[in-house]
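Here is how the chains run, residue by residue.
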Amino acid sequence: MPTKTTKKAAPKKRAARPKAQNRKSVSTKQSPKTKPLPKDAVRLVPLGGLEEIGRNMSYIEYKDDIVIMDMGFQFPEEDTPGIDYIIPNIESLRVKKDKIRAVVITHGHYDHIGAVPYLMGKLGNPPMYALKLPKAILERRQEEFVNAPKLNIIEVKYGDKKKIGEHIELEFFGVEHTIPDSMGVIVKTPAGNIVNFGDFHLDRDKEGNIFHYGEMERIGKMGVHTFMMDSTNALTPGFGVSEYEVVENLEKLFKDANGRIIVATFSSMLTRIGEMIKIAEKLNRKVIINGRSMKQNVQIAQNLGYFKFKKDTIAPVQELKRLKDENVMIISTGAQGEPNAGLMRIVNGEHRHIQIKENDTFIFSSSVIPGNERSVQNLTDNIARQGAMVYNTKLIDIHKGGHARQEDLKIAISKINPKFLMPIHAYYHFRFMAGQIAQEVGIPKERVRLVDNGQVCLLTKEDFIITEEEVPTNYVMVDGLGIGDVEEVVLRDRMMLSEEGMIVIIATINRKTGKLIKNPDIISRGFIYLRDNQELLKEMRAKIKGIVSRIPRQQQLDADYLKSLFRDQIGQFVFRKTRRRPMVLPVIIEI
Ligand SMILES: [Zn+2]
Ligand SMILES: [Zn+2]
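My aim in this report is to walk through the structure given alongside it, one point at a time. For clarity, every value in this text was computed on a predicted model and none was experimentally measured. (Residues numbered from 1 in each chain as written. Chains lettered and ligands numbered in written order. Predicted model: local features only at pLDDT ≥ 70, side-chain atom pairs only at ≥ 80, totals over all residues. Heavy atoms only, no water.)

**Examining the pairing of strand 5 (residues 100-104)**
The buried fraction of strand 5 amounts to four of the five residues, a majority that puts the element mostly inside the structure. Two strands pair when backbone bridges link them, and strand 3 (residues 65-69) and strand 5 are joined in this way by four bridges, in the parallel orientation. The residue bridging isoleucine 66 from the neighbouring strand is isoleucine 100, located in strand 5. When strand 5 meets strand 6 (residues 128-130), the two strands line up parallel, connected through two bridges. The residue of strand 6 that forms the bridge with valine 103 is methionine 128. (Buried < 20%, exposed > 50% of the residue type's maximum accessible area, 1.4 Å probe, protein only. Helix = DSSP H or I, 4+ residues; strand = E, 2+ residues; numbered from the N terminus. Pairing = 2+ DSSP bridges.)

The structure is reproduced here in structure tokens:
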């Protein structure tokens, strides 16, 4: 049983955004009030990923054509219990879904692909463009969603060009990241070239040559209007450590281990996992993968030929009994001390096949995500108590993130040499710092654009204007009941019910008119006694009516969508009023 989370006064995670007029953008040029907005501009709209880590998605629109870039989700925050994922809000796209010509997927990480099964159907299932590996990951995952449409993914290669609609052309190019098959995209528009690297870092070979260096130079020479740049690591000084160094260090560690080796890392670090399996093979160790997502990813990459090791180097966990300790390497998820991940089960003695032994060597090949320090410390303490050795990044450089650090960002900026720099990914401060760094390589403040989620930008040949128009970007939460580990879902629901109670909303709706037929019924258990809270009840009803009345009439009633609006908005409303998050269970009766 996971430890009970203490109830906090729950500070709002996402700081309230200052109103547009108070928002001091680094850019000073635009003054939409005095200057009329250009008519024929290219619209660039980020829907997510600019004020958080995750739910990356943005789109470029010109006349009748829209190109979407990435469609990721965000993992839940502490103040969204019971929620599996937060996905981008696509309200602004639903009304013009017929104009969507392409969805470009930069790579196979969930913060870039996670929302695909939830959103593609709602967007009319437009064609997608992806490299081989992300294509396979997407297709495999889509199968788990029985109601989601079959995806139409066009496999592309580095260097491919695709004409999209009448005025837009896409060109794909290679970038280095922590998963094979990562790419960036050049969106060639009438305003100029918009370049999005996706997630990237600069990696070097032993001679110090940067991969894709020539590519960056070539793109820079083409002339770049806007560089959408991954700023996730903009607070970290220096150059990145090269992957080969990490692998060399790991190999040294592996060689010194006498007993079993147990490596904890992220399932997203697919490149690294492949390297580790190769070393294991060299050292005559069989590899056991512990963690469903990791197993799946490794399998896909292996089937597509991305890994060069023998098929039987990976062994099923049942074989553990027959193997000698010095012939075993276990690669596990759960490096952040997540309560339900594989590693936690091993350490707590709850794993069916793997128990800690005294001569085990544990290696954490991952950095600690801020906020997880405590649980990771507990985890390492528990391992040490059982007599095993633990190595982590503090002891030796065996991890490097997949995002370029300051000095590498400078290299990328100076090569791409854009007219405008638009830092993307991560929180405001990170993007702000990316803007500061850019000044050191000749991009003045006036050419940096710090755009928040939902702010509509207009791009002309000469300018990049952040307008006052905003599209909705409030959280859309997914509660994936029936998907994935049901046990986990049940457990989580119980925790939530025991702590926060629940509210059931019963809305009876006329299918034809989309109107409420009667006052919605609201029932609560374990939350607050509603009869004594008539005021709250009244406000909740009004809120529900408001939500229903805002649904466009011409559309057929989408009960799932309406439910998600109820869950999302009533949940947030109740939280604001009571600082509690009861489970919101919407029931929609169509008559
Ligand atoms: Zn990534
Ligand atoms: Zn990312």
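From this point on, the discussion continues.
**What about the coordination of the zinc ion (ligand 1)?**
All of the protein donors around the zinc ion (ligand 1) are His107 (NE2), His109 (ND1), His177 (NE2) and Asp199 (OD); their distances to the metal are 2.1 to 2.3 Å. The sequence pattern describing where the donors of the zinc ion (ligand 1) fall on their chain is H-x1-H-x67-H-x21-D. Between the zinc ion (ligand 1) and the zinc ion (ligand 2) the interatomic distance amounts to 3.5 Å, and aspartate 199 serves as a bridging ligand to the pair. Pair noted here: histidine 107 is in the loop between strand 5 and helix 2 (110-113) and aspartate 199 is in the loop between strand 11 (192-196) and helix 5 (213-222), with a separation of 92 residues, a long-range link. (Donors = N, O, S within 2.8 Å, 3.2 Å for Na, K, Ca; no water.)

**Structural notes on the nonpolar core**
By size, the foremost hydrophobic cluster in this structure holds 61 residues, and its most contacted members are Ile68, Met71 and Leu93. Examining the composition of this core, we find that six residues originate from one element, helix 7 (residues 270-282), more than from any other. When residues of this core are assigned to domains, at least three map to each of domain 1 (29-238 + 401-483) and domain 2 (243-391). If we ignore the near neighbours within four places in the chain, the residues touching methionine 71 are Asn56, Met57, Val103, Ile105, His112, Ile113, Gly114, Ala115, Val116, Leu119, Met120 and Leu123. (Core = buried A, V, L, I, M, F, W, Y, C linked by side-chain atoms within 4.5 Å. Domains from an automatic or database assignment. Contact = heavy atoms within 4.5 Å.)

**Some points on the sheet that holds strand 22 (residues 502-509)**
An order of 23-22-24 is seen for the three strands of this open sheet, with the pairing classed as mixed. Of all the strands in the sheet, just strand 23 (521-525) and strand 24 (583-590) have a single pairing partner and so form its edges. Looking at each pair of strands side by side, their axes are set apart by 15° on average, direction ignored. Pairing of strand 22 with strand 24 involves eight bridges; the strand directions are parallel. Opposite isoleucine 503, over in strand 24, you have valine 584 as the bridge partner. Packed on one face of the sheet, helix 14 (residues 534-549) meets strand 22 and strand 23 and runs near 130° to strand 23. Of the strands in this sheet, strand 22 and strand 24 are in contact with helix 15 (residues 559-578), which crosses strand 24 at around 145°. (Axes fitted to C-alpha atoms, helices over the stretch in contact; angles between N-to-C directions.)

**Notes on the coordination of the zinc ion (ligand 2)**
The zinc ion (ligand 2) binds to the protein through Asp111 (OD), His112 (NE2) and Asp199 (OD); the donor distances cover 2.0 to 2.2 Å. Expressed as a motif, the donor residue spacing for the zinc ion (ligand 2) is D-H-x86-D. Given a relative accessible area of 2%, aspartate 199 falls into the buried group.

**Quick look at the packing of aromatic side chains**
Per the counting criterion, the structure on display carries ten aromatic pairs. Here the aromatic rings of tyrosine 118 and phenylalanine 145 are separated by 5.2 Å at their centres, their planes lie at 85°, and the arrangement is edge-to-face. Note that tyrosine 118 is positioned in helix 3 (residues 116-119) and phenylalanine 145 in the loop between helix 4 (132-142) and strand 7 (153-155), a separation of 27 residues in sequence. Residue tyrosine 118 shares its accessibility class with phenylalanine 145, and that shared class is buried. Ring pairs connect the aromatic residues Phe173, Phe197, Phe200 and Phe227, which therefore count as one cluster. Over the ring of tyrosine 561 we find arginine 94; its NZ or CZ atom is 3.9 Å from the centre of that ring. (Phe/Tyr/Trp six-rings, centres within 6.5 Å; stacked < 30°, edge-to-face > 60°. Lys NZ or Arg CZ within 6 Å of the ring centre and 35° of its normal.)

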